Structure formats: C-alpha cells, structure tokens
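# Structure assessment
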Amino acid sequence: MPTLGEAAQGVRVRALTDDEALLLGALHKQALVRAGTDPDAGEPMHVRAFASAWHPRADDLPAWVAEHDGEHVGVAVVRRTMLPHLAGAPRLLVLSALGPADTVGEEAVCLALVRQVIGWARERGDERVEVAGDVALPAPVLDAVRAVVRQATSVSLPTQP
C-alpha cells in the first residue's frame with residue numbers, strides 16, 4: 001500500500017489558464033454539490049456565471065486542477081495579494097477533492113494540490129499561504145506539509161446600524 005506522499009505523486013496538478021474558465025466553473029459547481037450545496041437549485045447558471053466572474057480576474061485568482069487517470073479529481077483556487085505594496089500572504093479559497101474514492105484517495109488529491117500551491121507561493125517569494133476559514137484540510141495533509149494551525153479569529157463588520 002503506497003504512502004500518502006507516494007499516492008499524491010500519482011496525481012497530476014496543472015494550472016488552469018484563463019481560457020479554461022468554464023472548466024473551472026464546472027469544477028467549482030462539483031465542489032459545492034459535493035459539500036452539500038446546489039448552486040443551481042433554481043436556475044442552472046452557476047458554471048457560466050462563475051466563469052464570467054473569474055475570467056477577468058484569473059491573474060488575481062490562480063486556479064489548479066488535479067487529474068488522475070484522465071479524470072478531474074480536484075480543484076484549488078487561491079487569492080493573491082493584488083497590490084504589491086500591501087503585505088499579505090496568498091489565501092487558499094477553494095480546495096476540493098472531486099473524484100470517486102476508488103481512483104485515488106481524497107487526502108492524496110488534497111496533498112498534491114496543496115504542494116502545488118505551496119510551490120507556486122514559494123516561487124513568488126511568499127513566506128506562507130493562509131487558508132480560508134471554510135477550507136477544511138485533512139489532518140494527514142496538514143501534517144505532511146508541516147502546517148502551523150492557530151486559533152482563528154473572525155471579525156464581521158455590520159453594514160446596517
């Protein structure tokens with residue numbers, strides 16, 4: 001039986017280009033459905049709406065797809081700091097394993113995607129990648145990448161008095 005790291009090496013991860021916006025929209029919809037939310041419950045338009053919103057911001061929201069045996073098995077989206085004079089680490093906004101469990105394990109897909117994101121951030125000179133509060137990483141993945149886990153604080157600013 002392969003280790004988590006060995007299984008992750010069998011997952012191909014590649015960056016999505018801005019002309020693959022519809023693919024990213026479809027993968028994002030799959031991630032939402034897998035998490036129990038159907039974005040198209042009323043009218044099917046999520047894929048096209050997501051693609052239209054992401055396409056012009058592709059440079060600020062880089063995305064990756066994980067592939068195994070010719071199937072899309074995972075997706076990751078990161079928000080990078082848009083203004084160079086503002087300090088801040090890139091933030092992992094979306095991370096989801098999408099494939100059936102019999103192809104490759106969810107943890108291996110997540111680890112392959114996280115390693116790709118970390119490598120991308122390292123090449124940019126970033127010291128770390130922050131993880132959005134609603135992104136759940138499996139504990140073995142956190143261990144494999146030596147993650148620093150802190151108690152999160154959330155602040156909400158009301159818009160109404």
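A brief report on the enclosed structure follows. Nothing here was measured: the structure is a model prediction, and the numbers come from that model. (Residues numbered from 1 in each chain as written. Predicted model: local features only at pLDDT ≥ 70, side-chain atom pairs only at ≥ 80, totals over all residues. Heavy atoms only, no water.)

## A few points about the environment of Thr81
In this structure, Thr81 sits in the loop between strand E3 (71-79) and strand E4 (91-97). In sequence terms Thr81 and Asp19 are 62 residues apart; their C-alpha atoms lie 22 Å from each other. If we ignore the near neighbours within four places in the chain, the residues touching Thr81 are Leu86, Gly88 and Ala89. (Helix = DSSP H or I, 4+ residues; strand = E, 2+ residues; numbered from the N terminus. Contact = heavy atoms within 4.5 Å.)

## With respect to the nonpolar core
Residues Val11, Trp64, Leu95, Val109 and Leu113 are the most contacted members of the largest nonpolar core, which totals 26 residues. Contributing elements (two or more residues each) for this core: strand E2 (63-68), E3, E4 and helix H4 (106-124). Excluding residues that lie within four positions of it along the chain, Leu95 makes contacts with Val75, Ala76, Cys110, Leu113, Val114, Val135 and Leu137. Judged by nonpolar contacts, the second largest core, of 16 residues, contains Leu24, Ala58, Val65 and Val75. (Core = buried A, V, L, I, M, F, W, Y, C linked by side-chain atoms within 4.5 Å. Buried < 20%, exposed > 50% of the residue type's maximum accessible area, 1.4 Å probe, protein only.)

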